[in-house]
Amino acid sequence: MENFLELLKNRRSCRRFTDEPVSQESVANIMRAALMSPSGHRINPWEFVLVENKETLRQLSVSKAAGAQLLDGAAMAVVVIADTDKTDVWVEDCSIATILMQLAAEEEGLGSCWVQIRLRKDADGGSSEENVRALLGLPANYAVLSIVAIGHKERDSKPFDEEKMQWEKLHIERFGEK
Ligand SMILES: Cc1cc2nc3c(=O)[nH]c(=O)nc-3n(C[C@H](O)[C@H](O)[C@H](O)COP(=O)(O)O)c2cc1C
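To start, this report covers the structure provided alongside it. Predicted, not measured: the structure shown is a model, and the values here were computed from it.

This part is about helix H3 (residues 54-61). Buried residues of H3: Thr56, Leu57, Leu60 and Ser61, and no others. Buried residues of H3, viewed axially, fall in a sector of 145°; they line one side. Considering only its buried residues, H3 is in contact with strand E1 (46-51), strand E2 (76-83), helix H5 (128-136) and strand E4 (142-151). Its side-chain oxygen at 3.0 Å from the backbone nitrogen of Glu55, Asn53 defines the N-terminal cap of H3.

Structure follows, in structure tokens:
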């Protein structure tokens, strides 16, 4: 296991994947991370749709105008949905689950990328969320936050450059105080 800060440094968005499938063990570990995510009041509004079917991945890749094409080359995707009747903090809960899956993927030696669906539109101005709903048969009370594309990295990206860390965003005791 990598040191946690090294894991954070090495997790970079991966948009190009090899054809190698993801092992069932890695899939299980990524889903374990998702299902251990903290959520407000432990309501766990999130649910996850695991997609490996190539044609479904292709259709997800055109569910929004830009930034989703990479899904077409991914070995798999996890669509992060939530029952919005359960809680008003489903966006936060689903966001945490999304990033934890990305970190778990990195821990497995895999690449991943967050594909935003909430509030996004397709090339014709239609709702990305409605496209995903229709494709996956989601009930009306379920919202879609994101899709996590996962696969073996075509190549490693440079780790996060600590020289670019924005320490100026840190305020000590009061805003503006360094
Ligand atoms: C809320 C959110 C939405 C994102 N949506 C997309 C997306 O739709 N498509 C995409 O290619 N990358 C998306 N990303 C990835 C960001 O572009 C990426 O994290 C950022 O540029 C920093 O690069 P890094 O992940 O390599 O550190 C998203 C990231 C976040 C946190």
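Additional details are given in the paragraphs that follow.
All residues in the neighbourhood of the ligand are listed as Arg11, Arg12, Ser13, Arg15, Lys64, Gly67, Leu70, Cys113, Trp114, Val115 and Gln116. In the model, an oxygen atom of the ligand is placed 2.6 Å from a nitrogen or oxygen of the Lys64 side chain. For the ligand, the protein covers 60% of the area, taking 620 Å² as the surface of the free molecule. The residue inventory of the shell around the ligand, partitioned by class, reads four nonpolar, three polar and four charged.

Moving on, we get to the packing of aromatic side chains. Taken as a whole and judged by the stated rule, the model has one aromatic pair. Measuring from centroid to centroid gives 5.5 Å for Trp46 and Phe48, while their planes differ by 35°, and the two rings are tilted. Residue Trp46 is classed as buried on the basis of its relative accessible area of 6%.

Looking now at H5. For H5, every residue scored as buried is listed here: Ser128, Glu129, Val132 and Arg133. Angularly, the buried residues of H5 cover 140° about the axis, an arc narrow enough to put them on a single face. Along its buried surface, H5 packs onto H3, E2 and E4. With a side-chain oxygen lying 3.2 Å from the backbone nitrogen of Glu129, the N-terminal cap of H5 falls on Ser127.

Side-chain pairing between opposite charges can occur once the charged atoms of the two side chains come close. For the coordinates displayed, the defined rule picks out seven salt bridges. Of the charged contacts in the structure, one is a salt bridge between Arg133 and Glu130, with a shortest N-O distance of 2.9 Å. A residue pair is termed a helical-turn pair when its members lie 3 or 4 positions apart in one helix, as Arg133 and Glu130 do in helix H5 at three residues. According to the relative accessible area criterion, Arg133 is buried, its value standing at 13%. Taking the shortest distance from any N to any O, the salt bridge between Arg155 and Glu154 comes out at 3.9 Å. Each of Arg16, Glu154 and Arg155 takes part in one network of salt bridges that share partners.

Attention shifts here to the pairing of strand E3 (residues 111-116). For E3, the tally of buried residues reaches five of six residues, placing the bulk of the element in the interior. Taken together, the six bridges between E3 and E4 define a ladder with antiparallel strand orientation. From the neighbouring strand, Val115 faces E4, where its bridge partner is Ile147.

With that settled, consider a positive patch on the surface. A cluster of basic side chains, namely Arg12, Arg15, Lys158 and Lys164, defines a positive patch on the protein surface. Within the secondary structure, Arg12 is located in the loop between helix H1 (4-10) and helix H2 (24-35). Residue classification places Arg12 among the partly exposed residues on the basis of a relative accessible area of 35%.

We now examine the sheet that holds E3. Taken in spatial order, the four strands make up an open sheet running E1-E2-E4-E3, and their pairing is antiparallel. Either end of the sheet is taken by a strand with one partner, and the two such strands are E1 and E3. Taking each pair of neighbouring strands and ignoring which way they run, the sheet shows an average axis angle of 25°. Sitting on the sheet, H2 is in contact with E1, E2 and E4, with an inclination near 165° to E1. Taken strand by strand, H5 contacts E1, E2 and E4, and its axis lies near 80° from that of E4.

Reading guide: rules and limits
- Residue positions within a chain follow its written sequence, with the count starting from 1.
- pLDDT decides what is reported in this predicted model: residues at 70 or higher carry local features, side-chain atom pairs at 80 or more are listed and counted, and totals for whole chains, interfaces and linings draw on all residues regardless.
- Calculated side-chain values reflect all of the structure's heavy atoms, with hydrogen atoms and water omitted.
- Exposure classes here rest on a 1.4 Å probe applied to the protein chains alone. A residue is buried below 20% of its type maximum, exposed above 50%, and partly exposed in between.
- Think of it this way: any DSSP run of H or I at least four residues long counts as a helix, any run of E at least two long counts as a strand, and we number them from the N terminus.
- Here the arc refers to the set of directions running from the helix axis out to each C-beta atom.
- Residue contacts follow a heavy-atom distance rule, with two residues in contact if any of their heavy atoms lie within 4.5 Å.
- Polar contact is the term for a pair of N or O atoms within 3.5 Å; when the atoms are in protein, one must be able to donate a hydrogen and the other to accept it, and sequence-neighboring residues count only if both atoms are side-chain atoms.
- Nearness is judged by heavy atoms alone; a residue qualifies as near a molecule or strand once a single heavy atom is within 4 Å of it.
- Where accessible areas are quoted, they stem from the Shrake-Rupley method and a 1.4 Å probe; at the residue level, only the protein chains shown are allowed to cover.
- Amino acid classes used here: Ala, Val, Leu, Ile, Met, Phe, Trp, Tyr, Cys and Pro are nonpolar; Asp, Glu, Lys and Arg are charged; the rest, including Gly, are polar.
- We call Phe, Tyr and Trp rings a pair once their centres come within 6.5 Å, taking the six-membered ring for Trp, and we label the pair stacked below 30 degrees between planes, edge-to-face above 60, and tilted otherwise.
- By definition here, a salt bridge exists when the distance from a side-chain nitrogen of Lys or Arg to a carboxyl oxygen of Asp or Glu is within 4 Å.
- The pairing criterion is simple: DSSP has to find at least two bridges between the two strands.
- Each patch groups residues whose relative accessible area exceeds 30% and which form no salt bridge, using 9 Å between like charges and 5 Å between nonpolar side chains of Val, Leu, Ile, Met, Phe, Trp and Tyr.
- When charges are counted, Lys and Arg are positive and Asp and Glu negative, with His and the chain ends excluded.
- A charged residue contributes its charge at one atom only: NZ of Lys, CZ of Arg, CG of Asp or CD of Glu.
- Note on definitions: angles span 0 to 180 degrees between N-to-C directions of axes, and those axes are lines fitted to C-alpha atoms, for helices only across the stretch in contact.

By themselves, these observations are geometric and do not establish any function.
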